[in-house]
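One letter stands for each residue in the lines below.
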Amino acid sequence: MSTAFYVAAVVAVLATIRAITHVNAVRALLYLIVSFFGVAVMFYLLGAPFAAALEVITYAGAIMVLFVFVMMMLNLGPTALRQERGWLAPSMWVGPGILCGVLLGELIYAARGAQTVPFTTIEPAEVAMALFGPYVLGVELASVLLLAGLVGAYHLGYRKRVAEVREKSGAIQEVA
Amino acid sequence: MSMIPAQHGIWIAAILFLIGLLGVMVRRDILFVLMSIEVMLNAAGLAFIAAAAQWKSADGQVMYIFILAMAATEVAVGLALVLLLYQRFKSLDTSVASGMRG
């Protein structure tokens, strides 16, 4: 079981590196989905099957699909690819790379000392008991947050009935 | 009985988090910035699950569910903003929205 964990970890890390270095947005997104699958395997091997299922269904299956929809709507062409290649000069990676390397060293040094524990699965029933028990307030707040996000996204995506032409003439009218 | 050190899980979460941070700092395209933020959130979730594996509690998965809800909300609002940015400036560069500069 341990080798499966480390293989999934390597897959996730490599896919994530490829996702942030790619020029094409859709291919980077596909690499990101692969990375999420690797992390879901890691969740399962760490004894959290419910979180693994949630990651695949919600994170990779809903949120990333939303990304794909938006990218298809934007319909970026070859000009965007050339622009991206211009921005991704190797000299741009040096500064942030050094900073992130220092932070990584610090984090790895600070997170030492965790124990090695035997493999034990935490069933979804336990998670449900925790969600309906001590964390019920958090669940309600999460639903309020989702409502706020829904209202915000609806309001931001609402197309004004009066066209942008009116804006150019200086008369900005909004049909609420 | 297989033993996966929770420490390794936290280390892998740290590596993924910093890869996401690198992506946020380097990329100029706003879609890539949003994707890198998702990588960082996912890495934080992995750290929670790894810690919960060590202490054998359900709290890690509960926190992961909350992180998931927050990430979904943020992606919805963020992508609506991306569409507005593209509509307005016809470009996804984050430095075109510089109307408040100076």
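Here, the structure is the one placed above.
The model shown is predicted, which means the values in this text are computed figures rather than measured ones.

Notes on the overall build of chain B
Item 1. A count of helices and strands for chain B gives three helices and one strand.
Item 2. Beginning at the N terminus, the succession of helices and strands in chain B can be written as β-α-α-α.
Item 3. The C-alpha radius of gyration computed for chain B amounts to 17 Å, which surpasses the reference 13 Å derived for 102 residues by more than 25%, pointing to a less compact arrangement than a globule.
Item 4. Once the C-alpha set of chain B is aligned to its principal axes, its extents read approximately 60 × 25 × 25 Å.
Item 5. Buried positions account for 58% of the 102 residues belonging to chain B.
Item 6. Counting only carbon and sulfur atoms, one obtains 70% of the accessible surface of chain B, whose full area is about 4,100 Å².
Item 7. Distance between charge centres in chain B, computed from 6 positive and 5 negative side chains, equals 10 Å.

Some words on the side chain of Asp93 of chain B
Item 1. Residue position: Asp93 of chain B is located in the segment after α3 (59-89).
Item 2. Looking at Asp93 of chain B, the relative accessible area reads 6%, which means it is buried.
Item 3. There is a polar contact of 2.9 Å between the side chain of Asp93 of chain B and the side chain of Ser95 of chain B.
Item 4. Once residues within four sequence positions are removed from consideration, Asp93 of chain B is found in contact with Trp87 of chain A together with Arg28 and Leu85 of chain B.

Focus on the interface of chain A and chain B
Item 1. Each partner contributes to the interface: chain A provides 78 residues, whereas chain B provides 68 residues.
Item 2. Here chain A meets chain B over a buried area of about 6,900 Å², counting both sides, of which 79% is carbon and sulfur.
Item 3. Within the residue set of the side of chain A that touches chain B, elements represented by two or more residues are α1 (2-21), α2 (25-45), α3 (49-74), α4 (78-87), α5 (91-110), β1 (116-118), α6 (124-132) and α7 (136-157) of chain A.
Item 4. Of the residues belonging to the side of chain A that touches chain B, the class tally is 60 nonpolar, 14 polar and four charged.

Focus: the packing of aromatic side chains
Item 1. Counted under the stated rule, the structure contains four aromatic pairs over all chains.
Item 2. Both rings, one in Phe36 of chain A and one in Tyr59 of chain A, keep their centres 4.7 Å apart while their planes meet at 50°; by these two values the pair is tilted. Here Phe36 of chain A, found in helix α2, pairs with Tyr59 of chain A, found in helix α3; they are 23 residues apart in sequence, far enough to count as distant.
Item 3. By relative accessible area, which is 0% here, Tyr59 of chain A ends up buried.
Item 4. Seen in terms of ring centroids, Tyr135 of chain A and Phe66 of chain B are 6.4 Å apart; in terms of plane orientation they differ by 65°. Their pairing is edge-to-face.

Comments concerning α3 of chain A
Item 1. The end-to-end C-alpha separation of α3 of chain A is 36 Å, in line with the 38 Å expected for 26 residues at 1.5 Å each.
Item 2. The sharpest bend along α3 of chain A reaches about 30° and sits at Glu55 of chain A.
Item 3. Within the span of α3 of chain A, buried status applies to Ala51, Ala52, Leu54, Glu55, Tyr59, Ala60, Ile63, Met64, Phe67, Val70, Met71 and Leu74 of chain A.
Item 4. Check the buried side of α3 of chain A and you find it contacts α2 of chain A together with α2 (30-55) and α3 of chain B.

Considering α5 of chain A
Residue and element names in this part refer to chain A.
Item 1. Helix length check: α5, at 20 residues, gives a terminal C-alpha distance of 30 Å against a target of 28 Å (1.5 Å per residue), a fit within 8%.
Item 2. Most pronounced at Gly97, the bend in α5 amounts to some 30°.
Item 3. Among the residues making up α5, those that are buried are Trp93, Pro96 and Cys100.

Calculation criteria
- Each chain carries its own residue numbering, running from 1 in the written order of its sequence.
- By the order in which they are written, chains take letters starting at A while ligands take numbers starting at 1.
- Reporting of local features is limited, given that this is a predicted model, to residues whose pLDDT is at least 70; pairs of side-chain atoms are given and counted only at 80 or more, and all residues count toward the totals for whole chains, interfaces and linings.
- For side-chain calculations, the full set of non-hydrogen atoms in the structure is used, while hydrogens and water are omitted.
- To qualify as a helix, a DSSP run of H or I must reach at least 4 residues; to qualify as a strand, a run of E must reach at least 2; elements of each kind are numbered from the N terminus.
- Only C-alpha atoms enter the radius of gyration, while the globule expectation follows 2.2 Å times N to the 0.38, with N the number of residues.
- Throughout, exposure labels follow a simple rule: accessible area from a 1.4 Å probe, protein chains only, divided by the maximum for the residue type, with under 20% read as buried, over 50% as exposed, and the rest as partly exposed.
- All accessibility values rest on the Shrake-Rupley procedure with a 1.4 Å probe; residue burial counts only the protein chains present in the view.
- Residues scored as charged are limited to Lys and Arg (positive) and Asp and Glu (negative), so that His and the chain ends carry no count.
- Lysine's charge is taken at NZ, arginine's at CZ, aspartate's at CG and glutamate's at CD.
- Think of a polar contact as two N or O atoms within 3.5 Å of one another; within protein, one of them needs to be a possible hydrogen donor and the other a possible acceptor, and neighboring residues in sequence only count if both atoms come from side chains.
- Pairs of residues are marked as contacts when any of their non-hydrogen atoms sit within 4.5 Å.
- Computed with a 1.4 Å rolling probe, the buried area is the accessible surface lost when two parts are put together, summed over both parts.
- Each residue gets one of three labels, nonpolar for Ala, Val, Leu, Ile, Met, Phe, Trp, Tyr, Cys and Pro, charged for Asp, Glu, Lys and Arg, and polar for the others, Gly among them.
- When two rings of Phe, Tyr or Trp (its six-membered ring) have centres within 6.5 Å they constitute a pair, described as stacked for plane angles under 30 degrees, edge-to-face for angles over 60, and tilted for the intermediate range.
- Given the number of residues in a helix, its expected span is that number minus one, multiplied by 1.5 Å.
- Note on bend: the value at a residue is the angle between axes fitted to the seven residues ending there and to the seven starting there.

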